[in-house]
Amino acid sequence: MTESIVTRRLSKRLASLDAFPKIEKQLQQTTKSGGLVSLMMLAVLVYLACTEIYRWRSIDQRYDFIVDQTRSHEHSLQINVDLTIAMDCKVLRADIQDISRTSLVLKDAIHATPTVFRTQGAVKYTREHNQYIAQIHKGLRDSSRDLEDHASESGTPDACRFRGSFQANKVEGMLHFTALGHGYFGVHTPHDAINFTHRIDELSFGARYPDLHNPLDHTLEIGTTNFDSFMYFLGVVPTIYVDKARSLFGATLLTNQYAVTEFSHAVDPQNPDALPGIFIKYHIEPISVRITESRLGLVQFTTRMCGIIGGAFVTIGAILGFFRNVRTMLSAK
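Rules used in this analysis
Residues numbered from 1 in each chain as written. Predicted model: local features only at pLDDT ≥ 70, side-chain atom pairs only at ≥ 80, totals over all residues. Heavy atoms only, no water. Pairing = 2+ DSSP bridges. Helix = DSSP H or I, 4+ residues; strand = E, 2+ residues; numbered from the N terminus. Axes fitted to C-alpha atoms, helices over the stretch in contact; angles between N-to-C directions. Salt bridge = Lys/Arg side-chain N within 4 Å of Asp/Glu carboxyl O. UniProt positions renumbered as here; feature names shortened; annotations may be inferred. Disulfide = S-S within 2.5 Å. Buried < 20%, exposed > 50% of the residue type's maximum accessible area, 1.4 Å probe, protein only. Phe/Tyr/Trp six-rings, centres within 6.5 Å; stacked < 30°, edge-to-face > 60°.

Moving on: the sheet that holds strand S6 (residues 159-169). Pairing is antiparallel across the open sheet formed by 5 strands, whose spatial order is S5-S6-S2-S8-S9. Each having just a single partner strand, strand S5 (111-115) and strand S9 (219-221) make up the two edges of the open sheet. Pairwise comparison of adjacent strand axes, ignoring direction, gives a mean angle of 20° for this sheet. Here strand S8 (residues 198-205) pairs with S9 via 3 bridges, running antiparallel. Bridging from a neighbouring strand, Ile200 pairs with Thr219 of S9.

Laid out in structure tokens, this is it:
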């Protein structure tokens, strides 16, 4: 009996406890200026809250440049290729050679598939419009149209698609696509059968990470003669990608990105040292970049929102108090 009485008394005291006592309605005085200030501050409060929510949902990127610590003899370089040439697969060969004199015929590493050459979904690479092309590439990747299956389109095959991934030494090298009998021993390919018009749907080094843009992806080069030589000079930058926005403990990915300069010209068929083909020369930069993606934490977001709301109410009270004092002074005169 005694315990129930004590419990009821404690409940009443807790119910009557109010850290923020309210002003009775009959003592409140509403004014037009107060209502106007309240509406203005409410609009500002909504704007600040929406801005904070947008910032909380967005991902911040931080770039740090450091000396590359990886050793070439301990790490290999993964090269991913998806390239289509407007020639018969029987007269084409793909090779890679690096400065360590290691030469590899990519016959088994990447698959050569007869296909129909299409230009849809690819654009010509230009350095002047690199940012514009990056937006086009993003649109192509985000679109529902499947650009990866253009090799299965109907029609008589008139091109060869090289697609696959392979490991190479992490040193300077050159990946090249040439015609048989031109530069290497083999059955001589007739000049009228040579056409190195090509499209690159993917050329990357290492694994992909979100928002990675490879400059040569979905690009197109059209030859003007049968003896065109297309040359690409790539500077490969080792990249450490740290994802703290999507992973609780920060997942780390070792990959690469690159910058490119391209050059094409027609070679002299009578010059035995001038070869038609596609030549992709790459070198590894000694500086690596660390990309850290992070997002505002939930505790920080909650603290900032509470600060915004509390600050808004304090500001409203200060402004209303200022107007009240001004009105009192004017009425006293």
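Now that the structure is up, let's keep going.
This part is about the pattern of salt bridges. For the coordinates displayed, the defined rule picks out 8 salt bridges. Several salt bridges share partner residues, and in doing so they unite Asp82, Arg161 and Arg163 into one network.

UniProt records the feature "transmembrane region" (unreviewed entry) for residues 35-54 and 305-323 in the present numbering. For residues 305-323, the helix share is 100%, the strand share is 0%, and the end-to-end C-alpha distance is 27 Å.

Taken as a whole, this structure holds 1 disulfide when the rule is applied. Paired through a disulfide, Cys89 and Cys160 show a sulfur-sulfur distance of 2.1 Å. Taking the torsion about the S-S bond as the criterion, the Cys89 to Cys160 disulfide, at about 105°, is right-handed. Residue Cys89 is located in the loop between strand S2 (76-85) and strand S3 (92-98), and its partner Cys160 is located in strand S6; the two are separated by 71 residues in the primary sequence. Exposure remark for Cys160: the relative accessible area of 0% places this residue in the buried category.

Attention now goes to the packing of aromatic side chains. Aromatic rings considered in pairs are described by the distance between their centres and by the relative angle of their planes. According to the stated counting rule, one finds 3 aromatic pairs in the structure shown. Ring geometry for Phe162 against Phe177: centres 5.2 Å apart, planes inclined by 50°, an arrangement best described as tilted. Remark: Phe177 occurs in strand S7 (residues 173-179) and Phe162 occurs in strand S6; sequence separation between them is 15 residues. Each member of the pair, Phe162 as well as Phe177, carries the same accessibility label: buried. The interplanar angle of 55° and the centroid separation of 5.6 Å between the aromatic rings of Phe205 and Tyr282 together place this pair among those described as tilted. Note that Phe205 is positioned in strand S8 and Tyr282 in strand S12 (residues 277-284), a separation of 77 residues in sequence.

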